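Okay, here's what each chain looks like letter by letter:
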Amino acid sequence: QSQSNHNGVADQEVGADQSLAPTPTAQQFPWVLYQSCWLRPSAVESVKVVQSQFTPRHDDVFLVTYPKCGTTWLKALAFAITRRSRHGSDADYSHHPLLTCHPQDLVPFLEMPYRQLHPISDLEALPSPRLLCTHIPLPLLPPSVFTLGCRVVYLCREPKDVLVSLWCFINKVNKNYTMDKAFDLFCEGVSSYGPIWDHNLGFWKKSVSDPDNVLFLKYDEMTAQPVEHVKMLAEFLGIPFTDEEVSQGIVEETVNLCSFEKLKSLPANSSGVSDRIGGVPMENSSYFRTGKVGDWKNHMTEEMAKKLDDIVEEKIKGSGLKF
Ligand code: A3P
């Protein structure tokens, strides 16, 4: 059903050149507004499957991000933290799965690859406690995620850096997605799972009202203080590092194993192509670009930056959330 959003974007499909369908280029552009969230049509179907068929368990852990906010990093960290008893709390990380598998493949997405092809039974078969990942905004998640008291870790990132990261990622497979077009759409709130400010605010407000179950993290702060954040994450997940682990240097070992430089250098992450989204094969290396805070300066003018800053500031005003 076509809807008009609050920014006046009335088209059901934005930027779609139907004459190009079904080429990969054309498939990149259309988004539809589903329950106030911009999604590609195939993602809408997938989210509907999650909403109607996925049954959360009380001990599930959900890693939630807006795309390009550091999902790959959070997956690696949470995987390393939760599996450390099995993969070397004696500081022997020489056989760790993260050395041979892409972090994206170690923690499954709720909604991807699109669930109409990959049934929910894939997730039901996983043993508890499950570590799961999603980009689905809070209002679209099954409500029992919150009523059951599942732990939710939300990682956000400064919106200008998100836009640049997103543009670089999509532009690899879709040259029509120019920076100017990406910027205009992003400022309207239009990109997958957007508007980004609604996505951020949903989890921010929940983390304020329910801090025991929702941990709200920021990419920039995590980059500046990774050791503190890894400890915080382990604590939140109910498996704090023991004094012995701390003195053995396991926290630093975890940080190093999951660092941008380390992961980017591994063959599983630096070579090959995988289709994790569904119909959009991407180079494994495209999940590791610069890993820097403030890279927007290399791709956006000061004028663009001010415009987006002003929009975001207005949208999150009064919430207490700051970037
Ligand atoms: P840049 O494009 O700014 O470099 P996602 O995983 O949500 O798709 O986000 C991708 C962004 O996270 C990319 O940002 C990528 O470089 C960065 N990234 C990937 N792995 C990282 C890591 N281990 N540490 C820090 N940043 C990482």
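Everything discussed here concerns the structure shown above.
Below you will find a few notes about this structure. (Residues numbered from 1 in each chain as written. Predicted model: local features only at pLDDT ≥ 70, side-chain atom pairs only at ≥ 80, totals over all residues.)

A look at the overall build of the protein chain
Counting secondary structure elements, the protein chain contains 15 helices and eight strands. Counting every position in the protein chain, which comprises 323 residues, the buried fraction comes to 36%. Expressed as a percentage of contacts within the protein chain between residues at least 6 apart in sequence, the contacts between residues at least 24 apart total 76%. (Helix = DSSP H or I, 4+ residues; strand = E, 2+ residues; numbered from the N terminus. Buried ≥ 20, exposed ≤ 12 C-beta atoms within 10 Å, placed from the backbone. Contact = placed C-beta atoms within 7 Å.)

Examining helix H2 (residues 41–53)
If you check H2, its first and last C-alpha atoms are 18 Å apart, about what 13 residues at 1.5 Å a residue would give, namely 18 Å. The set of residues buried in H2 consists of Ser-42, Ala-43, Ser-46 and Val-47. Seen from one end, H2 has its buried residues packed into an arc of 135°, which puts them on one side. Buried residues along H2 sit against strand S1 (32–34) and strand S2 (37–39). (Expected span 1.5 Å × (residues − 1). Arc of directions from axis to C-beta.)

Examining the site of the ligand
Lining the immediate surroundings of the ligand are 22 residues, of which Thr-71, Thr-72, Trp-73, Ser-165 and Arg-289 lie closest. For the shell around the ligand, the elements supplying multiple residues, two or more each, are helix H3 (71–82), helix H6 (159–171) and helix H13 (260–265). Of all the elements, H3 adds the most residues to the shell around the ligand, at four residues. Across the shell around the ligand, the residue classes tally to ten nonpolar, eight polar and four charged. (Near = placed C-beta within 6 Å. Nonpolar A, V, L, I, M, F, W, Y, C, P; charged D, E, K, R; others polar.)

Here's the deal with the packing of helix H10 (residues 226–236) against helix H12 (residues 250–257)
Interaxial distance between H10 and H12 falls to 9 Å at its minimum, and their mutual angle equals 105°. Classified by the interaxial angle, the pair formed by H10 and H12 is roughly perpendicular. Counting all contacts with H10, which are made through Pro-226, Val-227, Val-230 and Lys-231, the residues of H12 involved are Val-251, Glu-252, Thr-254 and Val-255. Looking at side-chain class alone, the contact of H10 with H12 contains five nonpolar, one polar and two charged residues. (Axes fitted to C-alpha atoms, helices over the stretch in contact; angles between N-to-C directions. Parallel < 35°, antiparallel > 145°, perpendicular 65-115°, else oblique.)

What about the sheet that holds strand S3 (residues 61–65)?
Read across the sheet, four strands follow the order S4-S3-S5-S6 without closing on themselves; strand pairing throughout is parallel. Each edge of the sheet is formed by a strand with only one pairing partner; in this case those strands are strand S4 (131–134) and strand S6 (214–218). Sheet twist, expressed as the mean angle between neighbouring strand axes with direction ignored, is 20°. In terms of strand pairing, strand S5 (residues 151–156) meets S6 through five bridges, oriented parallel. Across the sheet, residue Leu-155 finds its bridge partner in S6, namely Leu-217. Contacting S3, S5 and S6, helix H8 (residues 196–209) crosses the sheet at an angle of about 125° to S6. (Pairing = 2+ DSSP bridges.)

What about unusual backbone geometry?
In this structure, Pro-113 follows Met-112 across a cis peptide bond, with omega equal to -10°. Here Pro-113 shows up in the loop between H3 and helix H4 (121–124). Gly-194 connects to Pro-195 through a cis peptide bond whose omega is 0°. Looking at the secondary structure, you find Pro-195 in the loop between helix H7 (179–187) and H8. Positive phi outside glycine occurs at Ser-36, with the angle close to 70°. You can call Ser-36 partly exposed: it has 15 C-beta atoms within 10 Å.

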